[in-house]
Amino acid sequence: MDKDISTQDTEGPLAGRIALVAGATRGAGRALAVELGRAGATVYVTGRTTREHASEVGRTTETIEETGELVTAAGGTGIAVPTDHLDPDRVRALVERIGREQGRLDILVNDLWGGEHLLVGSVFGKKSWETPLADGLRILDLGVRSHLITAALVLPLLVRSDAPLHVEVTDGTAVTNRRYRENLYYDLAKNAPIRIAFGLGQELAEYGGTAVAVTPGFLRSEQMLAHFGVTEENWRDAVAQDPHFAVAESPHYLARAVAALAADPDRAARWNGRSTSSAELARTYGVRDVDGSRPDALAYFEDVLYGGKDGSPDDYR
């Protein structure tokens, strides 16, 4: 039977669990925090954009404080801690606070990124030697170095859990990313979390833990909607600009699927060391997107866009 995490009882399958979503200001990170909270977890949420300060992303329409409030409104306990995860001292302070207040951490979601503003002008369509070196290295800072700093400093607290879960969020699976990801710096940034999850799966196994890399499909993030000049309410109007956007998914699709994974007592046997997608998780756990659909954008891209198979986005929803 299909599950909908949003209709769980007030106790929730993750009641009593402590989570950290690193990179929760907007997009998948925000939705992941909200859905973990909806399932009953206490969720620490971190990001660089606050009500007083905007990060280099340059958006002031979403803040980390708002994410914390949304987690609480969904039924969890949201605790916003502004943090730059490229600053080890800030991450150490975050870990010390969680340890002091909770004594352990059960779930770490590593959703750090914030490099979209570099992609169009500096990365896509350019050879690696045409990419401004500073921009390429910044992509690696945002997409790789931040993940490694966070894992190194948070994992000693995570392994205090009776069933630690480490989730790496990236773009693409190990299978789909066998294709070159448009630019060397971006390719490295989006493949590294897959290898991080694989390696940490080896290290967490003796603790009964799980490390898994997850990816959304074509994500209707706030920034993507703004790019097309639409909202979540009228997002289908963007299909006139990009027909492939018809297979897009809301951030809550991946988030509901990860919340279900987090509540799965057999998750280590199923997922440890693997990479997976929102669509595969949704099929496994019987969850659906906010509109009741179950889109599989990665399969659409593989079959139709790259594979030459006849089909439309509607065939993959």
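Attention in this report is confined to the structure presented alongside it. (Residues numbered from 1 in each chain as written. Predicted model: local features only at pLDDT ≥ 70, side-chain atom pairs only at ≥ 80, totals over all residues. Heavy atoms only, no water.)

**Some thoughts on the nonpolar core**
Part 1: Judged by nonpolar contacts, the single largest core of 40 residues is most densely connected at Leu-36, Val-43, Ile-107, Val-109, Val-167, Val-214 and Leu-281.
Part 2: Tallying contributions element by element places helix H8 (residues 251-262) first for this core, with nine residues.
Part 3: Setting aside residues no more than four positions away along its own chain, Val-109 makes contact with Leu-20, Val-21, Ala-22, Leu-32, Leu-36, Val-167 and Val-169.
Part 4: In this structure, Leu-86, Leu-108, Leu-155 and Ile-196 belong to the second largest nonpolar core, which totals 33 residues. (Core = buried A, V, L, I, M, F, W, Y, C linked by side-chain atoms within 4.5 Å. Buried < 20%, exposed > 50% of the residue type's maximum accessible area, 1.4 Å probe, protein only. Helix = DSSP H or I, 4+ residues; strand = E, 2+ residues; numbered from the N terminus. Contact = heavy atoms within 4.5 Å.)

**Focus on a nonpolar patch on the surface**
Part 1: Together, Tyr-180, Leu-184 and Leu-188 line one region of the surface with nonpolar side chains, adding up to about 280 Å² of accessible area.
Part 2: Relative accessible area serves as the criterion here: at 36%, Leu-184 is assigned to the partly exposed category. (Patch = residues over 30% accessible without salt bridge, like charges linked within 9 Å, V, L, I, M, F, W, Y side chains within 5 Å. Areas by Shrake-Rupley, 256 points an atom, 1.4 Å probe, with all protein chains shown as cover. Salt bridge = Lys/Arg side-chain N within 4 Å of Asp/Glu carboxyl O.)

**Brief notes about helix H1 (residues 27-38)**
Part 1: With 12 residues, H1 ought to run about 16 Å at 1.5 Å a step, and its terminal C-alpha atoms sit 17 Å apart, in line with that.
Part 2: With 11 of its 12 residues buried, H1 lies for the most part within the structure.
Part 3: Residues of H1 that are buried: Gly-27, Ala-28, Gly-29, Arg-30, Ala-31, Leu-32, Ala-33, Val-34, Glu-35, Leu-36 and Gly-37.
Part 4: Just downstream of H1, Gly-40 is the residue with a positive phi angle, here 110 degrees. (Expected span 1.5 Å × (residues − 1).)

**Observations concerning the side chain of Ser-293**
Part 1: Among the secondary structure elements, Ser-293 is positioned in the loop between helix H10 (278-285) and helix H11 (297-305).
Part 2: For Ser-293, the side chain forms a polar contact with the side chain of Asp-291, separated by 2.6 Å.
Part 3: At a separation of 3.0 Å, a polar atom in the side chain of Ser-293 contacts the side chain of Arg-317. (Polar contact = N/O pair within 3.5 Å; in protein donor to acceptor, adjacent residues only side chain to side chain.)

**Some points on the pattern of salt bridges**
It is possible for side chains bearing opposite charge to pair when their charged atoms get close.
Part 1: Under the criterion given, the structure shown has 23 salt bridges.
Part 2: Among the salt bridges present, the one from Glu-232 reaches Arg-220, with a minimum N-O distance of 2.7 Å. Of this pair, Glu-232 sits in the loop between helix H7 (222-228) and H8 while Arg-220 sits in the loop between strand E6 (210-215) and H7, placing them 12 residues apart in sequence.
Part 3: In this structure, the salt-bridge partner of Asp-264 is Arg-270, at a minimum N-O distance of 2.9 Å.
Part 4: Connected through salt bridges with shared partners, the residues Arg-48, Glu-56, Arg-138, Asp-141 and Arg-145 form a single ionic network.

**Here we look at the pairing of E6**
Part 1: Most of E6 is tucked away: six of the six residues are buried.
Part 2: Here E6 shows two buried faces, one formed by Thr-210, Val-212 and Val-214 and the other by Ala-211, Ala-213 and Thr-215.
Part 3: Relative to E6, strand E5 (residues 165-169) runs parallel, the two sharing five bridges. Its bridge partner lying in E6, His-166 is registered against Ala-211.
Part 4: Regarding the hand of the β-α-β motif, the stretch spanning E5, helix H6 (residues 184-204) and E6 is right-handed.
Part 5: Pairing analysis gives three bridges linking E6 to strand E7 (residues 275-277), with the strands arranged parallel. Within E7, the residue paired with Ala-213 across the bridge is Ser-275. (Pairing = 2+ DSSP bridges. Right-handed = clockwise from strand over helix to strand, strands pointing away.)

**Topic: the sheet that holds E6**
Hydrogen bonds between backbone atoms are what pair the strands of a sheet, whose relative direction is either parallel or antiparallel.
Part 1: Judged by pairing direction, the sheet is parallel, and its seven strands sit side by side in the order E3-E2-E1-E4-E5-E6-E7 without closing on themselves. Looking along the sheet, the strands with just one partner apiece sit at the ends: strand E3 (77-80) and E7. Ignoring which end each strand starts from, the neighbouring axes of this sheet average 20 degrees apart. (Axes fitted to C-alpha atoms, helices over the stretch in contact; angles between N-to-C directions.)

**Here's the deal with the environment of Thr-83**
Part 1: Inspection of the secondary structure assignment puts Thr-83 in the loop between E3 and helix H3 (88-102).
Part 2: Taking the relative accessible area as the measure of exposure, Thr-83 reaches 3% and is therefore buried.
Part 3: On a C-alpha basis, the gap between Thr-83 and Thr-25 in space is 11 Å, while along the polypeptide they are 58 residues apart.
Part 4: When residues no more than four places from it in sequence are discounted, the contact partners of Thr-83 are Thr-46, Gly-47, Arg-48, Arg-90, Val-91 and Leu-94.
Part 5: Polar side-chain contacts of Thr-83 include one of 2.8 Å to the backbone oxygen of Val-81.

**Considering the pairing of strand E1 (residues 18-22)**
Part 1: A large share of E1 lies buried, amounting to five of its five residues.
Part 2: Regarding the hand of the β-α-β motif, the stretch spanning E1, H1 and strand E2 (residues 42-46) is right-handed.
Part 3: Both E1 and strand E4 (residues 107-110) contribute to a ladder of four bridges, which runs parallel. Its bridge partner being in E4, Ala-19 is matched across the sheet by Ile-107.

**Structural notes on unusual backbone geometry**
Part 1: Even without glycine at this site, Glu-182 takes up a positive phi of about 70 degrees.
Part 2: Take Glu-182: it is sitting in the loop between E5 and H6.

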